[in-house]
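Chains, contacts and geometry: an overview
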Amino acid sequence: MLEAIDVHADALKRAALTAGPSAPVPNCPKWTVHDLVTHIASVHCAAIGRVLDRPSPPTPPPGWDDVLGWWDGQRLALREALVRNPGSPWTGRLAHATAIHRLDAESALATPVPTRLPPELAEGPGELVCAVVLPGSAGCSGGPERRE
């Protein structure tokens, strides 16, 4: 599942850079790509604290370039935390969340990419169940602070 986090985070970043920070995210009507990247970086940051049993609230920087750099750092720290804690229940949850947000980022592209997720991302956390997710099905119920 660590590889899944890497693969989907890389694809999410490619889509975010291509779409640009002000592009709307159709899967999340109240978000821009900047909101989405800030959210996934914050999720990764919060997860590091949970995996290491040292919770601390994420404090994302406001600017696009700074958020991208901050996310890169969070991704590396998250990977290290998960490698040091094999079997953490957060690994599967984060693989799923990163994959879903990859689809969100790809929905912001001028020509969305038809992506299917492997079934193993549906197995695991009961609160994150889906067998196959297609672009447009992730949905959102509010702004970045409410999305998980």
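Everything quoted here is computed from the prediction, not taken from an experiment.

**A look at the environment of leucine 82**
Note on placement: leucine 82 falls in helix α3 (residues 64-84). The exposure class assigned to leucine 82 is buried, which follows from its relative accessible area of 3%. Along the sequence, leucine 82 and isoleucine 48 sit 34 residues apart, while their C-alpha atoms lie 8.1 Å from each other. Those residues within four positions of leucine 82 in sequence are excluded, and the remaining contacts are Leu2, Ile5, Val51, Ser88, Trp90, Thr91 and Leu94.

**As for helix α4 (residues 90-107)**
Across its 18 residues, α4 extends 25 Å between first and last C-alpha, which sits within 8% of the 26 Å expected from 1.5 Å per residue. Taking burial as the measure, the 18 residues of α4 include 16 buried ones, the bulk of the element.

**Points about the packing of helix α2 (residues 33-51) against α3**
For the pair α2 and α3, interaxial distance at closest approach is 9 Å and the crossing angle is 30 degrees. When the axes of α2 and α3 are compared, the pair comes out roughly parallel. For the pair α2 and α3, the sense of crossing is left-handed. Along the contact surface, α2 presents Val33, His34, Val37, Thr38, Ile40, Ala41, Ser42, His44, Cys45, Ala47, Ile48 and Val51, while α3 presents Trp64, Val67, Leu68, Trp70, Trp71, Gln74, Arg75, Ala77, Leu78, Ala81 and Leu82. Here the contact of α2 with α3 is composed, by residue class, of 17 nonpolar, five polar and one charged.

**Details of unusual backbone geometry**
Look at aspartate 53: it is not a glycine, yet its phi comes out positive at around 60 degrees. Tracing the backbone shows aspartate 53 in the loop between α2 and α3. Here aspartate 53 falls in the exposed class, since its relative accessible area comes to 66%.

**A word on the side chain of lysine 13**
Position of lysine 13 among the secondary structure elements: in helix α1 (residues 2-19). Judged by its relative accessible area of 18%, lysine 13 is buried. Apart from the residues lying within four places of it in its own chain, the contact partners of lysine 13 are Leu68, Trp71, Asp72 and Arg75.

**Structural notes on α1**
Here α1 spans 26 Å end to end across 18 residues, near enough to the 26 Å set by a 1.5 Å rise per residue. The complete set of buried residues in α1 reads Ala4, Ile5, His8, Ala9, Ala11, Leu12, Lys13, Ala15 and Ala16. Buried positions along α1 lie against α2, α3 and α4. The first or second residue beyond α1 is glycine 20, which carries a positive phi of 95 degrees.

What counts and what doesn't
Residues numbered from 1 in each chain as written. Predicted model: local features only at pLDDT ≥ 70, side-chain atom pairs only at ≥ 80, totals over all residues. Heavy atoms only, no water. Helix = DSSP H or I, 4+ residues; strand = E, 2+ residues; numbered from the N terminus. Buried < 20%, exposed > 50% of the residue type's maximum accessible area, 1.4 Å probe, protein only. Contact = heavy atoms within 4.5 Å. Expected span 1.5 Å × (residues − 1). Axes fitted to C-alpha atoms, helices over the stretch in contact; angles between N-to-C directions. Parallel < 35°, antiparallel > 145°, perpendicular 65-115°, else oblique. Left-handed = near helix turned anticlockwise from the far one by under 90°. Nonpolar A, V, L, I, M, F, W, Y, C, P; charged D, E, K, R; others polar.

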